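This is what each chain is made of:
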Amino acid sequence: MPARELPTSVRIREVGPRDGFQNEPDVIATHDKVRLIDQLGRTGLKRIEVTSFVRPDVIPQLADAAEVLREIDVPEDVSLSVLIPNERGFQHALALRERFHEINVFLSASETHNRHNVNRTVDESLAGFSRVLERAGTEGLRREAVISTAFGCPYEGEVPAGRVTAIAQRLADAGVEEIAFGDTTGMANPVLVEERFGIWREALPGVELTAHFHNTRGLGLANVLAALHAGVDSFEASFGELGGCPVPAGATGNIATEELVSMLEEMGIATGVDLPALIVATGEVRDVLGRPLGSRVLRAGPVDWAPSAEPPDA
Ligand code: ZN
């Protein structure tokens, strides 16, 4: 398909500080999180998911949500979102209402995955969101919902498109402005992605549709290309390919933001992101974590990296 049929620019939400840091075995120091978020906020990324107000005994990795929100200092045009697991978490977040712009609620399209993840049925999850979404609306917060296992479930296998669509429509009715479709365990493929986003586009007029892909089986960027062909121009990604899902074992993280930016910019699709600056930030998080990361662009640098320059991961 000729490039002119693809979007000319895209929006990217960086989810590493939440999706990534939450899934690290060790708790990252608050000052390191703040420094890394501040750095990400200066790469041209306009959307960052910074933390989640989850129970600290359940997810100690994000127990410092309030401190992180209070201490970060990013340019005013960067939209910050927090992930809200339930009404109680939302109450905690509201104490810092002036520090963020968007909320994100999440559920699985698969009953079994939702039960494993949050110990609720899909209906219970949707019912629980309604008050949060309503209040968020009156607070002037932008509302996003993430539907995980939207392309398949490790427990149930196929998740029918119609089932995902029905959940998405209920979320749209409840007021969400944006819905992200998550390939939580890497079961999507480009044909499925193009087909499903075509269906969702028809079924959800006026809702921003976002693609959230994982690199579990190496198809992350292939799925991005398929989503672009379906007209999707909003993506979520994580610097360094951080993040992921503990099930199935060995699942890798989200697509790497620097790989997404590199591919799109090479294709002539504007991201607004300064790739070298993003690679520097990714090198910083690698140093904080003290281990090699999956990102190939972190190792190789941008396509136009000067041969004389030190590659970022030398
Ligand atoms: Zn993810």
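Predicted, not measured: the structure shown is a model, and the values here were computed from it.

Notes on the coordination of the zinc ion
Six octahedrally arranged donors around a metal ideally form angles of 90 or 180 degrees; four tetrahedrally arranged donors ideally form angles of 109.5 degrees. Coordination of the zinc ion by the protein comes from Asp 19 (OD), His 212 (NE2), His 214 (NE2) and Asn 254 (OD1), over a distance range of 2.0 to 2.3 Å. Viewed at the metal, the four donor atoms of the zinc ion are separated by angles of 83 to 152°, and the geometry they form is irregular. Sequence positions of the residues that donate to the zinc ion give the spacing D-x192-H-x1-H-x39-N. Pair noted here: His 214 is in the loop between β7 (208-213) and α9 (220-229) and Asn 254 is in the loop between β8 (234-237) and α10 (257-266), with a separation of 40 residues, a long-range link. Here His 214 falls in the buried class, since its relative accessible area comes to 4%.

A word on the sheet that holds strand β5 (residues 142-148)
Spatial strand order, β1-β2-β3-β4-β5-β6-β7-β8: eight strands in a closed barrel with parallel pairing. Neighbouring strand axes in the sheet, compared pairwise and without regard to direction, differ in orientation by 25° on average. Relative to strand β3 (residues 79-83), strand β2 (residues 47-52) runs parallel, the two being bridged by five bridges. Of the residues in β3, the one forming a bridge with Thr 51 is Val 82. On the sheet, helix α8 (residues 190-203) packs against β6 (178-183) and β7 and is oriented at approximately 155° with respect to β7. In this fold α9 packs onto β6, β7 and β8, with an angle of close to 165° to the strand it touches most, β7.

Here we look at the pairing of β6
Burial runs high along β6: six of the six residues are buried. Residues of β6 alternate between two faces, with Glu 178, Ala 180 and Gly 182 on one and Ile 179, Phe 181 and Asp 183 on the opposite face, all of them buried. Pairing analysis gives four bridges linking β5 to β6, with the strands arranged parallel. Note on β6: the bridge partner recorded for Ile 147 is Phe 181.

Topic: the pattern of salt bridges
As a working rule, side chains carrying opposite charge can pair if their charged atoms are close by. Considering all chains together, one arrives at 27 salt bridges under this definition. For Glu 236, the salt bridge goes to Arg 13, with nearest N and O atoms at 2.7 Å. With a gap of 223 residues between them, Glu 236 in strand β8 and Arg 13 in strand β1 (residues 11-14) connect regions that are remote in the sequence. Between Glu 178 and Arg 142 there is a salt bridge, with its nearest N and O atoms 2.6 Å apart. Residue Glu 178 is located in strand β6, and its partner Arg 142 is located in strand β5; the two are separated by 36 residues in the primary sequence. Glu 178 gets classed as buried once you look at its relative accessible area, which sits at 0%. Arg 142 gets classed as partly exposed once you look at its relative accessible area, which sits at 24%.

Conventions and cut-offs
- Residues numbered from 1 in each chain as written.
- Predicted model: local features only at pLDDT ≥ 70, side-chain atom pairs only at ≥ 80, totals over all residues.
- Heavy atoms only, no water.
- Donors = N, O, S within 2.8 Å, 3.2 Å for Na, K, Ca; no water.
- Tetrahedral: all angles 85-135°; square planar, octahedral: opposite > 155°, others 65-115°.
- Helix = DSSP H or I, 4+ residues; strand = E, 2+ residues; numbered from the N terminus.
- Buried < 20%, exposed > 50% of the residue type's maximum accessible area, 1.4 Å probe, protein only.
- Pairing = 2+ DSSP bridges.
- Axes fitted to C-alpha atoms, helices over the stretch in contact; angles between N-to-C directions.
- Contact = heavy atoms within 4.5 Å.
- Salt bridge = Lys/Arg side-chain N within 4 Å of Asp/Glu carboxyl O.

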